[in-house]
Amino acid sequence: YGTVCSNVYYKFSHIENSDTLSFTINGTESPLVFSNSHIVYIGRNFNERSPTLAKDVRIGDKLVTKEGPSKEVISVTPTMGGLVNILTFNPHLELKDGVIVSGYSIDETLNSILFAPFRMMYRTFGAKYTSYIIENTTFNALLREVDRYFSYSINIIS
């Protein structure tokens, strides 16, 4: 199908719990959980995908997979949970059972622009140095504040 998922260059865990949605998917062992504004791909296959906010997914929609047929959403349940930002050079994440989703929320282009400095730092300095910078206590506190305000902004516009 031409699907390419890249390695993770940045992972950031939120401290507080947030509103999430738990999807039961036909053919998967455990539910998939996303923020309301996370982008998932609905469609018959990756090439015919439609980026859709998780809050707009309905029972019967089909999530795109890496190989084979799409997987049908059987149920959608509101939950609370911790969120994790996982960023890759190619903005597609392959989840267990082959489901492919975006690595972004709200808007893939906007997020790509916002996280460009992290991609540049990783490409320039490599994984070890980038991890050292990102895991620095002061820098991490700054990231948490930026993430908090970004999350507030996303909640206001969505």
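Everything that follows concerns the structure shown earlier in this document.
Presented here is an overview of the structure given in this document.

## Structural notes on the overall build of the chain
Counting its secondary structure elements, the chain contains three helices and eight strands. Secondary structure elements of the chain, listed N to C terminal, follow the sequence β-β-β-β-β-β-β-β-α-α-α. Every one of the 158 residues in the chain was classed for burial, and the buried ones make up 38%. Pairs at least 24 apart in sequence give 61% of the contacts found in the chain among residues at least 6 apart. With the model as given, the accessible surface of the chain reaches about 9100 Å², and the carbon-plus-sulfur share is 55%.

## Remarks on a nonpolar patch on the surface
On the surface, a nonpolar cluster with roughly 370 Å² of combined accessible area is contributed by F125, Y129 and Y132. Relative to the assigned elements, F125 resides in helix 2 (residues 116-135).

## Focus on the nonpolar core
Ranked by size, the top nonpolar core spans 14 residues in total, and within it F23, F34, V40 and L63 carry the most contacts. Breaking this core down by element, the ones donating at least two residues are strand 1 (8-25), strand 2 (32-35) and strand 3 (38-42). Per-element accounting of this core gives the leading share, three residues, to strand 1. Residue contacts for F23: discarding those within four places in its chain leaves P31, L32, F34, A54, V57, V73, S75 and V76.

## Here's the deal with the pattern of salt bridges
Scanning the entire structure with this criterion turns up two salt bridges. The salt bridge involving E48 is made with R44; its shortest N-O contact spans 2.9 Å. With a shortest N-O distance of 3.5 Å, K66 and E94 are connected by a salt bridge. One end of the pair, K66, is in the loop between strand 5 (62-63) and strand 6 (71-88); the other, E94, is in strand 7 (residues 92-94), with 28 residues separating them in the sequence.

Calculation notes
- Residues numbered from 1 in each chain as written.
- Predicted model: local features only at pLDDT ≥ 70, side-chain atom pairs only at ≥ 80, totals over all residues.
- Heavy atoms only, no water.
- Helix = DSSP H or I, 4+ residues; strand = E, 2+ residues; numbered from the N terminus.
- Buried < 20%, exposed > 50% of the residue type's maximum accessible area, 1.4 Å probe, protein only.
- Contact = heavy atoms within 4.5 Å.
- Areas by Shrake-Rupley, 256 points an atom, 1.4 Å probe, with all protein chains shown as cover.
- Patch = residues over 30% accessible without salt bridge, like charges linked within 9 Å, V, L, I, M, F, W, Y side chains within 5 Å.
- Salt bridge = Lys/Arg side-chain N within 4 Å of Asp/Glu carboxyl O.
- Core = buried A, V, L, I, M, F, W, Y, C linked by side-chain atoms within 4.5 Å.

Coordinates in, geometry out; function isn't part of it.
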